[in-house]
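Working through the structure, step by step
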Protein chains: 2
Amino acid sequence: MATIADVAREAGVSISTVSYALSGKRSITEDTRVRVLAAAARLGYAPKAAARALAARRSQIIAVTTPLHPDTDHSAHMAFAMAVTTAARDHDYDTLLLVQDDALEGMRRSAATSLADGIVVLDVAAHDERADLARSLGCPVVFIGLPADTGGLTCVDLDFRAAAHEAVDTLHAAGHRTVGLVSQPADVIAREANYPLRIEQAFAERADELGLTHALVRPDLDAPHAVLDDLLRLLPEVTAIVLSTPTSVAVALTESLSRRGLRVPDDLSVVTVGMTADPSRPPLPFDSLPLDPALTCPVAVDTLVGLIEGATSPGGVTLVPPTHVSRGSVAPAPVPHPTEVV
Amino acid sequence: MATIADVAREAGVSISTVSYALSGKRSITEDTRVRVLAAAARLGYAPKAAARALAARRSQIIAVTTPLHPDTDHSAHMAFAMAVTTAARDHDYDTLLLVQDDALEGMRRSAATSLADGIVVLDVAAHDERADLARSLGCPVVFIGLPADTGGLTCVDLDFRAAAHEAVDTLHAAGHRTVGLVSQPADVIAREANYPLRIEQAFAERADELGLTHALVRPDLDAPHAVLDDLLRLLPEVTAIVLSTPTSVAVALTESLSRRGLRVPDDLSVVTVGMTADPSRPPLPFDSLPLDPALTCPVAVDTLVGLIEGATSPGGVTLVPPTHVSRGSVAPAPVPHPTEVV
DNA sequence: ACGCTTCGTCGAAGCGCTTCGACAATGGGC
DNA sequence: GCCCATTGTCGAAGCGCTTCGACGAAGCGT
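For clarity, every value in this text was computed on a predicted model and none was experimentally measured.

Glancing now at the overall build of chain A. In terms of helices and strands, chain A carries 13 helices and eleven strands. For chain A, the spread of C-alpha atoms along the three principal axes comes to 90 × 45 × 35 Å. A fraction of 69% describes how many contacts in chain A between residues 6 or more apart in sequence connect residues 24 or more apart.

Dropping the structure here:
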């Protein structure tokens, strides 16, 4: 419980010298700097967060809001919250957790009381109340994900279009000519709108550009096993699948495949796009272009810190390029007819 | 950005009167109280957290540390963190998230800088470094879970013994005479030590008291499907199972059962003990005595707040009684021999 | 040797709130 | 009608830090 005054006395300098020696905001003779540091260490001095925040008008805290609808993955949320927290620590910020029921109230409160210097908004829905609030808050806010109207907002997200393009490219390069997309359930799309649609569009677009035969199916969460049948009905010749579904559907699909005796990648290649792995479970055995918190969160936090410290101006969407994780689920397309030349 | 001085001016009273009117810490005439409140509302006044914290020597923030080893369930962690946060809000506290890699450093830092008024420790291991730290921190700490040595610590946990007892009692009352326990994998027990062992002991103890035939198996995470075979080998007559495993094993067991044509509850009754449901997935279809964050976290937060505000003295273990959730997986034991009297 | 800048340090003024002691004004007991 | 306790309000002293302006001491050119 030593204060800066104790350190000053111990080091035989004034309070402001201690402050400058510790913050480096003014030049200090090496000698006195060392004396101050030694005194601080000897006394186990740590500046009180509240006093620092009051004087510096900055709390070094960022708030994180995650709504948690029943159908979103808790483990993914945790992964994002953790990634934000870790990234924040790299900038010497701590992270305040704002929960579901009072996300709005929490945002208002942390802004009004200067509890937090900025806010990170997770799990953004297409028409998210938090978007309107953010515009009127007068406190830096960064969204991880894109609401329908990004006007005036600062957003960071995975480049889902690029990811879908790359997935199709990868399959095309491996010789696949008929590819299916297993997308999100219709109701998720209705709510989340933005990114599943971006994937669907980008998938179709690139498949068309490359002259591929393609189709998409949206699973029904109550009958996830039907999705493979649906796809095969639509696309009997399919040799490759792009997967962008809830994990449960992906698991069901895996089961359906093995039940039908279809091997990955021998009979069917699979690439996953924009799915978030549960770090506490074994990953799906598919090549993927994941929505990895480690990719987007640091960018979001960097952006937010830039806003807080006045280095950046608000507004603008940053799309983070996807990275490809190989798990051996893409193989050359099986030869369609036995018309090979020997 | 109105300050208390603005409110005082607007209401025509002194600063301290505003403070007392808002905090209620001294009696104030109804009339002036109303005037102050109106003035505050008019100006959109919200007290600055840092100023309040500095003056009151209390930040109204509690820190939460969750380690997150690879094998613990992220969704469960999230559920706990959320439950703590919600409970904290009920006491007008906010929640700071401390992550894995610097749990210790984070605890030290938030205590030393008075960033947090208290700390909640989640996912406690048997020999948890955070336990020693907590003893030397001079800052209120509450553990959710029991380390091996609880001396000098304040801990809250589910009463796993009572839960195991109740599970056995329930099965016994339904006429079951041979019961198996599917417990945690050996390595989890080695690390987590405390609660799985408490369950195993209490299970055996109560089964013995009631004269039941019993046995326990510990699954192997790499071969979860073997667990049913193991149990049937040990206990061919088994008619009821108490389940206290990772979710993945429970799922595997369900599959093994249906593969063998065993129906729950017709052929086999099942009760779950001390398992935490993933709120974003459909619950296991078993009667359970869950480790529900909604049970332990509010108690832990109440305790912590008591410590912070000096109402309680530290030390002591609080065991929260389990609640029983029925899902129709317990039925009367099948009659062993067809020797019924008509 | 002179004034100039530059460098390192200090003092003091806040930051916006809580809280303690003081002090009128009121009310009750006698 | 007097005294004492209550009650409601105020003023001021912090809480522990940051930061601005000031200022003596060097160092420089000339």
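Below, the discussion takes up the relation of the copies chain B and chain A. Between the two copies, chain B and chain A, the superposition gives an RMSD of 0.1 Å; the rotation angle is 180° and the shift along the axis is 0.1 Å. In symmetry terms, the pair is related by a two-fold rotation axis. Here 100% of the interface residues in chain B have copies in chain A that are interface residues too; the copies meet face to matching face.

Let us now look at the sheet that holds strand E6 (residues 178-182) of chain B. All names here are of chain B. Taking strand neighbours across the sheet as the criterion, the five strands line up as E7-E6-E8-E9-E10 in an open arrangement whose pairing is parallel. Single-partner strands in this sheet number two, and they are strand E7 (213-217) and strand E10 (287-289). For this sheet, the mean inter-axis angle between neighbouring strands, taken without regard to orientation, is 20°. Relative to strand E8 (residues 240-243), E6 runs parallel, the two being bridged by four bridges.

This part is about the protein's contact with DNA strand D. Inspection of the region around DNA strand D gives 28 residues, with Ile4, Ser16 and Ala55 of chain A together with Ser16 and Ser27 of chain B positioned closest. When contributions to the surface near DNA strand D are tallied by element, the ones reaching two or more residues are helix H2 (15-23) and helix H4 (49-56) of chain A together with helix H2 (15-23) and helix H4 (49-56) of chain B. The residue makeup of the surface near DNA strand D, split by class, is 14 nonpolar, ten polar and four charged.

So, about the interface of chain B and chain A. When the parts come together, some accessible area is lost, and that loss is often what is quoted as the size of the interface. With 36 residues of chain B in contact, the opposing surface of chain A contributes 37 residues. Considering only residue class, the side of chain B that touches chain A consists of 18 nonpolar, eleven polar and seven charged.

Attention now goes to the protein's contact with DNA strand C. The local shell around DNA strand C holds 28 residues, among which Ser16 and Ser27 of chain A together with Ile4, Ser16 and Ala55 of chain B are the closest. Counting only elements with at least two residues in the surface near DNA strand C, the list comes to H2 and H4 of chain A together with H2 and H4 of chain B. Looking at side-chain class alone, the surface near DNA strand C contains 14 nonpolar, ten polar and four charged residues.

The twelve strands lie next to each other as E11(A)-E5(A)-E4(A)-E3(A)-E1(A)-E2(A)-E2(B)-E1(B)-E3(B)-E4(B)-E5(B)-E11(B), forming an open sheet whose pairing is mixed. The open sheet has two edge strands, strand E11 (316-320) of chain A together with strand E11 (316-320) of chain B, and neither has a second partner. On average, each strand axis in the sheet is inclined to that of its neighbour by 25°, with strand direction left out of account. The sheet contact formed by strand E1 (residues 61-65) of chain A and strand E3 (residues 118-121) of chain A spans four bridges and is parallel. Residue pairing in the sheet places Ile62 of chain A in a bridge with Gly118 of chain A of E3 of chain A. Packed onto the sheet, helix H13 (residues 293-308) of chain A meets E1, E3, strand E4 (141-144), strand E5 (154-158) and E11 of chain A and runs at close to 165° relative to E5 of chain A.

All names here are of chain A. The residue Ala311 is located in the loop between H13 and E11 in this model. In this structure Ala311 comes out as exposed when scored by C-beta crowding, with 10 C-beta atoms within 10 Å. In this structure, the C-alpha to C-alpha distance between Ala311 and Val264, residues 47 residues apart in sequence, is 49 Å.

With that out of the way, let us pick up helix H13 (residues 293-308) of chain B. Residue and element names in this part refer to chain B. Across its 16 residues, H13 extends 22 Å between first and last C-alpha, which sits within 8% of the 22 Å expected from 1.5 Å per residue. Taken together, the buried positions of H13 are Pro293, Thr296, Cys297, Ala300, Val301, Thr303, Leu304, Val305, Leu307 and Ile308. If you follow the buried residues of H13, they end up packed against strand E1 (61-65), helix H5 (74-90), strand E3 (118-121), strand E4 (141-144), strand E5 (154-158) and E11.

Okay, the UniProt feature "domain: HTH lacI-type" (unreviewed entry) in chain A next. In the numbering adopted here, UniProt assigns the feature "domain: HTH lacI-type" (unreviewed entry) to residues 2-56 of chain A. Structurally, residues 2-56 of chain A comprises 71% helix and 0% strand, and the distance from its first C-alpha atom to its last is 20 Å.

A few words now on the environment of Thr312 of chain A. Residue and element names in this part refer to chain A. Along the chain, Thr312 turns up in the loop between H13 and E11. Of the residues examined, Thr312 has 16 C-beta atoms within 10 Å and is grouped as partly exposed. Between the alpha carbons of Thr312 and Pro283 there is a distance of 37 Å; along the sequence they are 29 residues apart. Among residues more than four places away in sequence, those in contact with Thr312 are Thr303, Gly306 and Leu307.

It is worth spelling out the pairing of E4 of chain A at this point. Residue and element names in this part refer to chain A. Because side chains alternate across E4, one face comprises the buried residues Val141 and Phe143, and the other comprises Val142 and Ile144, equally buried. As a crossover connection, the stretch from E3 through helix H7 (residues 129-135) into E4 is right-handed. In this sheet, E5 lies alongside E4 in parallel orientation, the contact comprising three bridges. Paired with Ile144 across the two strands is Val156, which belongs to E5.

If you look at the biggest cluster of nonpolar residues, it comprises 180 residues, and the most contacted ones within it are Val120 of chain A together with Val120 of chain B. The residues touching Val120 of chain B, leaving out its near neighbours within four places in the chain, are Ile62, Val64, Val84, Val142, Ile144, Ala300, Val301 and Leu304 of chain B.

All names here are of chain B. A positive phi is found at Arg57, a non-glycine position, where the angle reads about 55°. Inspection of the secondary structure puts Arg57 in the loop between H4 and E1. The class for Arg57 is exposed, based on 10 C-beta atoms found within 10 Å. In this model, Asp92 sits at a positive phi of 70°, which is unusual for a non-glycine residue. Checked against the element boundaries, Asp92 lands in the loop between H5 and strand E2 (94-98). Classification of Asp92 by C-beta neighbours within 10 Å gives exposed; the count is 8.

Here is what the cut-offs are and how they apply
- Residues numbered from 1 in each chain as written.
- Chains lettered and ligands numbered in written order.
- Predicted model: local features only at pLDDT ≥ 70, side-chain atom pairs only at ≥ 80, totals over all residues.
- Helix = DSSP H or I, 4+ residues; strand = E, 2+ residues; numbered from the N terminus.
- Contact = placed C-beta atoms within 7 Å.
- Least-squares fit on C-alpha atoms with pLDDT ≥ 70 in both.
- Pairing = 2+ DSSP bridges.
- Axes fitted to C-alpha atoms, helices over the stretch in contact; angles between N-to-C directions.
- Near = placed C-beta within 6 Å.
- Nonpolar A, V, L, I, M, F, W, Y, C, P; charged D, E, K, R; others polar.
- Buried ≥ 20, exposed ≤ 12 C-beta atoms within 10 Å, placed from the backbone.
- Expected span 1.5 Å × (residues − 1).
- UniProt positions renumbered as here; feature names shortened; annotations may be inferred.
- Right-handed = clockwise from strand over helix to strand, strands pointing away.
- Core = buried A, V, L, I, M, F, W, Y, C linked by C-beta atoms within 7 Å.

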